[in-house]
Every structure is written in C-alpha cells, then in structure tokens.
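Summary of structural features
The chain contents come next:
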Amino acid sequence: MKALISGAGIAGLATGIALKQAGLDVEIFERAPELREIGAGLMIWPNGARSLQALGVEIDAVTIQHMSVCTWRGRQVNNYPLESVAARFGFEPVFVHRVDLQAALARRFGTEGLHFDAVVSGFEQDGAGVQVMVRDGAAAAGDLLVGADGLRSPVRRQLLEDGDPIYLGSTIWRGVVDSHGIPLPPGHGFDWVGRGSEFVAFPLRHDRVYWSGVIKQPRGDKRGPNGHKGDLLNSFSDWAQPIPALVAATEEAAILRNDMYDRPPARRWSDGRVTLVGDAAHPMTPNGGQGACQALEDAVALADSIRRSSSLSEAFGLYEDRRRRRANRLVTMARQATRAAQIESPLLCALRDGVAGLMPSWLFLRVLDSYLA
C-alpha cells in the first residue's frame, strides 16, 4: 500500500517511519520550504521513549532527575524525584530540543518521499484510493492519507468539519539560551506558578536551557514597543531568579510567541481512507508534557494496527480503539492543568499551591500510571 502524509513535524515523520517499517510506500508533504531550525523544548516521558525505541530513533537528550514546583517568589512547593519514574516504567524522563528530535526523525525517515513547500489543501477519496491536492496544483494518489498537519489541520477540517480550535485564555513565550551564568542545577527542571502566570525551565544538551513563560491575557495581544523580550521582562521582572536572567539572556529574535489553543476531544479520527495523528487528532496544551509523546504513540499504534488488519476500516478502528480514549483523557488533563495555572485569586492560588505541596511521591507515581504504563 501507499500512504500519503500531510505534515513533516514530529507526528508526520514518526508516522512515516512506522509505516515504512510496516512495509508501506510513504510520501510526506510539508508546507515549509525546509525543516525549521527553531522550536521549543520537549519532555519525553517513558511512553514516548518506548515509541522512539520501536521506531529505531536515538535522540540527544538530557536526563531529568528532579522536577521542582515553586511559587513565583521561589519557595519550593514540592520536589518530584524522577529517578523513581525510570525504575517504575523502564525509561528515564528526558528533555530534548524539538529541533533535535525532528532532525533525528528526519534522518531515520530519509530524503526519499519527503516533499517540502507542499501544502495539502484537500483530498478526494473513493473505493479505489485517495488523492490529495497540493498548493501548486499538483496531485498525488495513494491508498490512505494521514493528517499530521497540526492544530489547524486542513485534513481534519475537511474530515471532521468541526471548525476552529479554542483559545484557552493564555499566551506562551518560549526560548532557548546558553546556560552560562544561569543558576539552574544540572538535571533539574523547574515550574514556577504565580497568579495567572507560569514559568518553566529545563536544561538541554550543549549547555543550553529551554524556558517558557505563560501569561493569562486576551487572544492576539500585540507585542509592546520593546518587543517580546520587553513584554516578558515587564511581566516577570519581580519573579525569583533565574527567571529574569533567562529572559534577559535571550535574543529577541530567538523568542517564540503563540496563543494557546486546544480542541474538545473528538469522537472519531477516521473516515474511509483518511485518519489523523498528533495535534491534528488531539491538540493539547504544553502543561501535560505529553504532546510529542502522544504523537509518537499514535505513529507506532497506527502502523501496528495496519499490520494486524485485513482492511483499512479494520485498521483504523483498531487504531482508534487503542489510542483515542487515552489521548483524549490527556487533552482533558492538560486543559485542567492550564486552568490551575490561570488562577488569579490570591486565596485560590494559596489553596492550589498547598494541594500541590501535599502530593506525596507515591501518589505522583500513581497519577503517572494512567498514561505512562
């Protein structure tokens, strides 16, 4: 069979690799003229690591031994020793730059069948196959189409007709900076939570630090006269170090800004010869740390379901049975975590921080059981 994939992000490349391993001929169509060299940091939990192992992909990542949750003033609320995660689930939690993960997946997939500057704008399908229309007027035909084209997926829009994603009320800024002079312990991640705001920092390979700052604000707010960096310094200048230092050390051009969206969990991802993976199927906020991991799980599960089935309808049904409920549950969990970070009432913030401080390590691991096992 021949598979067509819309999108060469993490979900698209991983799915391409998995389908090749299952014996399919694969073509991937990516809207960008090349793989981008900017991006965010990503947490790869054991479920994502298992999927990467199945795909035969190795990544250059940093092991995270501890994750601290702190107030915006720097008081530690809780510290989760992540060494116990490896003992329980078989893999260590690691942090990787999105660019490094995407590059590793691209190397594994190879250049044959990977098309850039090619936007899949729509598709037509019948009993004989599926055909996609590309922006330049060209067309490609195959036996199945996988929409791996992200939050605003054109494939999903046509397949499910469920409109636009939902703005969640917060904007996220992200950056990667040299760690020289930044007081961040090796192998230690941090999550500082304030009133309607949140700041996260994790170490990366090659003496770099990934950070993200989230602020509750109206959709589409424009940057101020001093740029993204000025906006962030205004918002986080009185937060505990190293937060102001991380922002100050980041070049304006290296700061990414995006409004945060997700979608209500979908009841189906497939129709006929077309299905969805990754953010096209189940976009979720960064708070759960599972976006990339769930995309990798999708890829492996879809290919295995095709391998086990005698028809596409059977394969897509098996794929959704294995993945939809699990991924949709994480969409809901991530949204709840976002709502918790958006609390602005001082009293409710104190209650939130108190509850987080009371969570023992054994209960933390039990929560992880629901999506890492």
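Residues numbered from 1 in each chain as written. Predicted model: local features only at pLDDT ≥ 70, side-chain atom pairs only at ≥ 80, totals over all residues. Heavy atoms only, no water.

1. Quick word on the sheet that holds strand E11 (residues 139-142)
Sheet strands associate in pairs through backbone hydrogen bonding, adopting either a parallel or an antiparallel arrangement. Here three strands make up an open sheet; going across it, the order is E9-E10-E11 and the pairing antiparallel. Here the strands that pair on one side only, and so sit at the sheet edges, are strand E9 (120-126) and E11. Sheet twist, expressed as the mean angle between neighbouring strand axes with direction ignored, is 20 degrees. Across four bridges, strand E10 (residues 129-134) lies against E11 in antiparallel orientation. When the bridges of E11 are listed, glutamine 131 appears paired with alanine 141. (Pairing = 2+ DSSP bridges. Helix = DSSP H or I, 4+ residues; strand = E, 2+ residues; numbered from the N terminus. Axes fitted to C-alpha atoms, helices over the stretch in contact; angles between N-to-C directions.)

2. Thoughts on the pairing of strand E6 (residues 76-81)
With five bridges joining them, strand E5 (residues 66-71) and E6 adopt antiparallel strand pairing. Bridged to valine 69 within E6 is asparagine 78. Taking the residues that link successive antiparallel strands as the turn, the E5-E6 hairpin has four residues, and the phi of glycine 74 there is positive, at about 105 degrees.

3. What about the side chain of arginine 352?
Among the secondary structure elements, arginine 352 is positioned in helix H10 (residues 346-358). Of the polar contacts made by the side chain of arginine 352, one reaches the side chain of aspartate 353; its length is 3.1 Å. Ignoring any residue separated from it by four or fewer positions in sequence, one finds arginine 352 in contact with Val193, Gly194, Ala340, Ala341 and Ile343. (Polar contact = N/O pair within 3.5 Å; in protein donor to acceptor, adjacent residues only side chain to side chain. Contact = heavy atoms within 4.5 Å.)

4. A look at the sheet that holds strand E8 (residues 114-115)
Here five strands make up an open sheet; going across it, the order is E8-E2-E1-E12-E18 and the pairing parallel. Every other strand in the sheet has two partners, leaving E8 and strand E18 (274-276) as the edge strands with one partner each. Bridging between strand E1 (residues 2-6) and strand E12 (residues 144-147) involves four bridges; their strand directions are parallel. When the sheet's bridge partners are listed, isoleucine 5 is paired in E12 with valine 146. Against the sheet, helix H1 (residues 10-21) makes contact with E1, strand E2 (25-29), E8 and E12, and its axis sits at roughly 170 degrees relative to E2, the strand it touches most. Packing against the sheet, helix H9 (residues 312-341) makes contact with E12 and E18, and its axis sits at approximately 15 degrees to E18.

5. Details of the packing of H1 against helix H8 (residues 291-308)
Packed helices, taken two at a time, are described by the angle between their axes plus the distance between the axes. In contact at an axis separation of 8 Å, H1 and H8 are set at 25 degrees when each is read in the N-to-C sense. Here H1 is positioned roughly parallel relative to H8, judged by the angle of their axes. The two elements H1 and H8 cross, and the hand of that crossing is right-handed. Residues Ile10, Ala11, Ala14, Thr15, Ala18, Leu19 and Gln21 of H1 form the contact with H8, whose participating residues are Ala292, Ala295, Leu296, Ala299, Val300, Leu302, Ala303, Ile306 and Arg307. Tallied by class, residues from the contact of H1 with H8 come to 13 nonpolar, two polar and one charged. (Parallel < 35°, antiparallel > 145°, perpendicular 65-115°, else oblique. Left-handed = near helix turned anticlockwise from the far one by under 90°. Nonpolar A, V, L, I, M, F, W, Y, C, P; charged D, E, K, R; others polar.)

6. Some remarks on H9
Since the α-helix packs 3.6 residues into each turn, any two residues three or four apart lie on the same face. Spanning 30 residues, H9 covers 42 Å between terminal C-alpha atoms, matching the ideal 44 Å at 1.5 Å per step. Roughly 35 degrees is the biggest bend found in H9, and it falls at arginine 323. (Expected span 1.5 Å × (residues − 1). Bend = angle between axes of the 7 residues up to and from the residue.)

7. Remarks on the packing of aromatic side chains
Scanning all chains against the criterion turns up eleven aromatic pairs. Summarising the aromatic geometry, the rings of tryptophan 72 and tryptophan 239 are spaced 6.1 Å apart at their centres and angled 50 degrees between planes, so their arrangement reads as tilted. A residue pair is termed long-range when its members are at least 10 positions apart, and tryptophan 72 in the loop between E5 and E6 and tryptophan 239 in the loop between helix H6 (227-236) and helix H7 (243-248) qualify at 167 residues. A residue is classified by how much of its surface remains accessible, and tryptophan 239, at 8% relative accessible area, is buried. Centroid distance phenylalanine 199 to tryptophan 211: 5.6 Å. Interplanar angle 15 degrees. Geometry classified as stacked. Of this pair, phenylalanine 199 sits in strand E15 (residues 197-204) while tryptophan 211 sits in strand E16 (residues 208-216), and the two are twelve residues apart along the sequence. For phenylalanine 199, a relative accessible area of 0% translates into the label buried. You can call tryptophan 211 buried: its relative accessible area is 0%. A cation over a ring is seen here: lysine 20 above phenylalanine 109, with NZ or CZ 3.8 Å from the ring centre. If you follow arginine 152 out to its NZ or CZ, it ends over the ring of tyrosine 261, 4.7 Å from the centre. (Phe/Tyr/Trp six-rings, centres within 6.5 Å; stacked < 30°, edge-to-face > 60°. Buried < 20%, exposed > 50% of the residue type's maximum accessible area, 1.4 Å probe, protein only. Lys NZ or Arg CZ within 6 Å of the ring centre and 35° of its normal.)

8. Let's talk about the environment of tyrosine 80
Examined against the element boundaries, tyrosine 80 turns out to sit in strand E6. The spacing of tyrosine 80 and alanine 253 is 173 residues in sequence and 34 Å in space, taken between C-alpha atoms. When residues no more than four places from it in sequence are discounted, the contact partners of tyrosine 80 are Gln65, His66, Met67, Val69, Ala356, Met359 and Phe364.

9. Points about a nonpolar patch on the surface
The grouping of Leu348, Leu351 and Val355 at the surface amounts to a nonpolar patch, some 290 Å² of accessible area in total. Summarising the element assignment, valine 355 is placed in helix H10. (Patch = residues over 30% accessible without salt bridge, like charges linked within 9 Å, V, L, I, M, F, W, Y side chains within 5 Å. Areas by Shrake-Rupley, 256 points an atom, 1.4 Å probe, with all protein chains shown as cover. Salt bridge = Lys/Arg side-chain N within 4 Å of Asp/Glu carboxyl O.)

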